[in-house]
Amino acid sequence: MTSSMLYGAENLAIIRGRVAANGLGFNGSDLNGRKFPLKVNLACRSSVSRGRTLVVPKCSVSLPRPASQPRFIQHKKEAFWFYRFLSIVYDHVINPGHWTEDMRDEALEPADLYSRNMIVVDVGGGTGFTTLGIVKNVDAKNVTILDQSPHQLAKAKQKEPLKECKIIEGDAEDLPFKTDYADRYISAGSIEYWPDPQRGIREAYRVLKIGGKACVIGPVYPTYWLSRFFADVWMLFPKEEEYIEWFTKAGFKDVKIKRIGPKWYRGVRRHGLIMGCSVTGVKPASGDSPLQLGPKEEDVSKPVNPFVFLARFLLGALAGVYYVLVPVYMWLKDQIVPKGQPI
């Protein structure tokens, strides 16, 4: 069953159709319940009668959703409550399947943490798992962990190696640091929840000193159609070229990308990865970013339709379950398929 869902379900798809709903977060929607049109562009050789949607074989898959269309958990309030519950099991259930210590150390290598006296900000630091890798090379007193989730930060405060770190609540798109403040900006597993990734990368540029380096570690977009569907429902899975574009537009130079992934995936990336790449860039000049942006994409002070919020949260969380199962599926294939053969 799992195998057919993840690998062999290419004989099933939805025919071309048109769907309408109320404010659940696809094209043209928001948290306030405004109506929007959603086009489902899945081609098929069959036809539709009286507006019914049919499931038929041999259909092709739609194009991915643009990054500008927020997913269900790509809003600050949904992400806040998502991590309210996820923080309970994050280090023991989520990290082992998606963000191992080996992956963390490999992803942090391009950040070039060569001095214990560096000033480092860990944006979206959550439970402090990534910060534990940072303080191997930098004194904890010089590291600030920022996250919007007090529940995640409560876990970080319990970790002994992080006792001297500054731990604060804050917004990745509006950082509470002065311009030209830090030597290194690190953000791992956070960009997927930013309503406006470009604004977050721009903030990374602003807070760094001249010659400082930003390192953003995050998801990569899947190519397999079913994984792509759940990725588009759950949270932001950027393409590698989108990361590079965001860094370049913000003003970074020497932008590089390094691919990472769990060892048991054997380099497979078709299902996407929650932690799939480490992107770095260097700030070439002091001061603010040359990129000018308008108002924030999301105003958290606006009232939220509770029914729309609940629907978004539940649907997004359900989509997230798929990505809990993917690493289990890949681990089983790694155990079964002989080494040296593709999985």
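In what follows, the structure referred to is the one given above.
This structure is a prediction, so every number in the text was calculated from the model and none was measured.

Draft legend 1. Helix α4 (residues 101-108), seen in detail. For α4, the set of buried residues is Met103, Arg104, Ala107 and Leu108. Down the axis of α4, the sector holding all buried residues measures 125°, keeping them to one side.

Draft legend 2. Just the sheet that holds strand β7 (residues 166-169), in detail. On the basis of which strands lie adjacent, the open sheet formed by seven strands has the order β7-β6-β5-β8-β9-β11-β10 and mixed pairing. The open sheet is flanked by β7 and β10 (253-259), the only strands paired with a single partner. Across the sheet, the axes of successive neighbouring strands diverge by a mean angle of 15°, strand direction being ignored. Of the strands in this sheet, β8 (182-188) and β9 (208-220) touch helix α7 (residues 197-207), which is tilted by about 155° from β9.

Draft legend 3. Highlighting unusual backbone geometry. In this structure, Asp180 is a non-glycine residue whose phi angle is positive, near 60°. By secondary structure assignment, the location of Asp180 is in the loop between β7 and β8. Positive phi is not limited to glycine here, since Asp254 has a value of about 50°.

Draft legend 4. Region of interest: the packing of aromatic side chains. For the coordinates displayed, the defined rule picks out 13 aromatic pairs. Look at Tyr224 and Trp225: their rings are 6.3 Å apart centre to centre, the planes differ by 50°, and that puts the pair in the tilted class. Residue classification places Tyr224 among the buried positions, given a relative accessible area of 10%. Residue classification places Trp225 among the partly exposed positions, given a relative accessible area of 21%. With 5.2 Å between their ring centres and 75° between their planes, Tyr322 and Tyr323 make a pair best called edge-to-face. Taken as a pair, Tyr322 and Tyr323 share a single burial class, namely buried. Following the ring pairs from residue to residue traces out a cluster consisting of Phe229, Phe230, Trp234, Phe237, Tyr322 and Tyr323. Above the face of the Phe129 ring, Arg104 is positioned so that its terminal group lies 4.7 Å from the ring centre. The ring centre of Tyr221 lies 4.7 Å from the NZ or CZ of Lys239, which sits over that ring.

Draft legend 5. Fine view of the side chain of Arg104. Examined against the element boundaries, Arg104 turns out to sit in helix α4. Residue Arg104 is classed as buried on the basis of its relative accessible area, which comes to 3%. Apart from the residues within four sequence positions on either side, Arg104 is in contact with Trp99, Phe129, Thr130, Leu132, Gly133 and Lys136.

Draft legend 6. Region of interest: the pattern of salt bridges. Counted by the stated rule, this structure contains 17 salt bridges. For Glu240, the salt bridge goes to Arg269, with nearest N and O atoms at 3.5 Å. With Glu240 in helix α9 (residues 240-250) and Arg269 in the loop between β10 and β11 (273-282), the pair connects residues that are 29 residues apart, well separated along the chain. A single burial state applies to Glu240 and to Arg269, both of which are buried. Where Asp334 meets Arg266, a salt bridge forms, and the shortest distance between an N and an O atom there is 2.8 Å. Here the residue Asp334 occupies a position in helix α10 (residues 306-336), and Arg266 occupies one in the loop between β10 and β11, the gap between them amounting to 68 residues. Classification of Asp334 by relative accessible area gives buried; the value is 9%. Using a relative accessible area of 26% as the deciding quantity, one classes Arg266 as partly exposed. Residues participating in the shared-partner salt-bridge network are Arg104, Asp105 and Lys136.

Definitions and cut-offs
Residues numbered from 1 in each chain as written. Predicted model: local features only at pLDDT ≥ 70, side-chain atom pairs only at ≥ 80, totals over all residues. Heavy atoms only, no water. Buried < 20%, exposed > 50% of the residue type's maximum accessible area, 1.4 Å probe, protein only. Helix = DSSP H or I, 4+ residues; strand = E, 2+ residues; numbered from the N terminus. Arc of directions from axis to C-beta. Pairing = 2+ DSSP bridges. Axes fitted to C-alpha atoms, helices over the stretch in contact; angles between N-to-C directions. Contact = heavy atoms within 4.5 Å. Phe/Tyr/Trp six-rings, centres within 6.5 Å; stacked < 30°, edge-to-face > 60°. Lys NZ or Arg CZ within 6 Å of the ring centre and 35° of its normal. Salt bridge = Lys/Arg side-chain N within 4 Å of Asp/Glu carboxyl O.

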